[in-house]
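Spelled out, the chains give:
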Amino acid sequence: MAGKRTMTLNLTDEEMKALEELADRKDLSKTAVVRQAIRLYQLVDVRMAAGEKLYFEDEVEKKKAELMVL
Amino acid sequence: MKCISTELTRRTDDGWEPVAATLIIDVPVDVIEAAEIAWAVQRLEGARRLQAAGSAVPEHWHWDWKNKTHKLQLLNYRSAGIECEGEMQGLMLVSLAGHSTRTPPDKGKPLVYIDYVESAPWNVKGLANGPPRYGAVGTRLVEAAVQLSHEEEFSGRVGLHALPQASRFYEQTCGMLSDGPDSHYHNLCWYELTSQASQEFLGGQDNATQ
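What you see is a predicted model, and the numbers here were worked out from it, not measured in a lab. (Residues numbered from 1 in each chain as written. Chains lettered and ligands numbered in written order. Predicted model: local features only at pLDDT ≥ 70, side-chain atom pairs only at ≥ 80, totals over all residues. Heavy atoms only, no water.)

(A) Examining the sheet that holds strand β1 (residues 2–11) of chain B more closely. Residues and elements named next belong to chain B. Read across the sheet, nine strands follow the order β6-β1-β2-β3-β4-β5-β7-β9-β8 without closing on themselves; strand pairing throughout is mixed. Strand pairing shows two members of the sheet lacking a second neighbour, β6 (134–135) and β8 (177–181), which therefore form its edges. Bridge count between β8 and strand β9 (residues 189–193): four bridges; the pairing is antiparallel. Bridge pairing in β9 places G180 opposite W190. (Pairing = 2+ DSSP bridges. Helix = DSSP H or I, 4+ residues; strand = E, 2+ residues; numbered from the N terminus.)

Take a look at the structure:
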């Protein structure tokens, strides 16, 4: 993997709280959570640009909803 | 690309002997494609030989790594390979995001997902035209997945969907736990190596090579 670069991330209190909660729940550092988010966003973006769709499915409630990603 | 010295076993007249090998992390796409060219004919010939003999054909006989390398353009995917005596002996493609542990106590936490892992056809019993040449290829690659998992802060957790013929290896050699068939993925069994089991797996392999 390529060398790493450092950046400053400006977040609101709520965004920072969400990041900290995710880091805590996933047992990751905040940097690792952001890295995961970038990977997923890139993956979703590329696949949706290729015409695929992303859904959330609730098997119990038998609900399926398309997720719109900007 | 990162190269790490490692060891495989090589078949001799008397059994197996250790042989130096190189674990390559982030294998260049052209190297993966060259390996596929070297493997393809033997994989197909082996499958035809087995079919003609009425024997079970390995489930991955139709794999083509040239159709998998496009994934490496995305941050989510990384590759590893084992090179020994001038030839690629095994390849692995892993996904770093989008999969999580399904069993307690770490349920919901991220893991390294092994998308594909394959040993060169001359190392696979049945596909090889004769006895398999090198051993421990799969083990070294699963070890590499565990190491990647630690680098990514996933505590050694690794998961995969196993082809039925490979289930025994994941269960008995790697110590993975099965969550049973996954109806969302071709009914293949889900296997995962917990953080604890990954420590035991790495420890066991250290002892085995001493």
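Picking up where we left off.
(B) Local environment of the packing of aromatic side chains. All names here are of chain B. For the structure shown, the criterion picks out six aromatic pairs over all chains. Relative to W65, the ring of W63 has its centre 6.5 Å away and its plane inclined at 80°; by these criteria the two rings are edge-to-face. Overall, the relative accessible area of 14% leaves W63 in the buried class. Centre to centre, the rings of Y113 and W190 are 6.0 Å apart; their planes meet at 10°, and the pair counts as stacked. (Phe/Tyr/Trp six-rings, centres within 6.5 Å; stacked < 30°, edge-to-face > 60°. Buried < 20%, exposed > 50% of the residue type's maximum accessible area, 1.4 Å probe, protein only.)

(C) Summary view of the interface of chain B and chain A. Counting from both sides, the interface comprises 19 residues of chain B and, opposite them, 16 residues of chain A. Together, the buried faces of chain B and chain A total about 1500 Å²; carbon and sulfur atoms form 53% of this surface. Of all residues in chain B, B:L74, B:L75 and B:E153 give up the largest surface area on contact with chain A, accounting jointly for 33% of the area buried on that side. If you look at where chain B meets chain A, you find two salt bridges. Among the salt bridges present, the one from A:R39 reaches B:E152, with a minimum N-O distance of 2.9 Å. Taken together, the connections running from chain B to chain A amount to six residue pairs in polar contact (both at pLDDT 80 or more). Tallied by class, the residues present in the side of chain B that touches chain A amount to seven nonpolar, six polar and six charged. (Contact = heavy atoms within 4.5 Å. Buried area = accessible area lost by both parts, 1.4 Å probe. Salt bridge = Lys/Arg side-chain N within 4 Å of Asp/Glu carboxyl O. Polar contact = N/O pair within 3.5 Å; in protein donor to acceptor, adjacent residues only side chain to side chain. Nonpolar A, V, L, I, M, F, W, Y, C, P; charged D, E, K, R; others polar.)

(D) Focus on helix α2 (residues 137–151) of chain B. Residue and element names in this part refer to chain B. Over its 15 residues, α2 runs 21 Å from end to end, which matches the ideal 21 Å to within 8%, given 1.5 Å per residue. The buried fraction of α2 is high, at eleven of 15 residues. Restricting attention to buried positions, one finds in α2 the residues V137, T139, R140, L141, V142, E143, A144, A145, V146, L148 and S149. At the exit of α2 stands E153, carrying a positive phi of roughly 70°. (Expected span 1.5 Å × (residues − 1).)

(E) Main features of the pattern of salt bridges. Under the criterion given, the structure shown has 19 salt bridges over all chains. A salt bridge links B:R10 to B:E85; the shortest N-O distance between them is 2.1 Å. Remark: B:E85 occurs in the loop between β3 (77–84) and β4 (87–95) and B:R10 occurs in strand β1; sequence separation between them is 75 residues. Its relative accessible area of 46% is what places B:E85 among the partly exposed residues. Where B:D115 meets B:K71, a salt bridge forms, and the shortest distance between an N and an O atom there is 3.0 Å. Remark: B:K71 occurs in the loop between α1 (29–52) and β3 and B:D115 occurs in strand β5 (residues 112–119); sequence separation between them is 44 residues. Summarising the burial analysis for this pair, B:D115 and B:K71 share the class buried. Within the structure, one salt-bridge network assembled from shared partners comprises A:D27, B:D106, B:K109 and B:R157.

(F) Highlighting unusual backbone geometry. Residue and element names in this part refer to chain B. Here the residue pair P104 and P105 is connected by a cis peptide bond, since its omega of 5° sits within 30 degrees of zero. When you line up the elements, P105 lands in the loop between β4 and β5. Look at H186: it is not a glycine, yet its phi comes out positive at around 55°. The backbone phi angle of N187 is positive, close to 60°, even though this residue is not glycine. Judged by relative accessible area, which is 52%, N187 ranks as exposed.

Read these as spatial facts, not as claims about activity.
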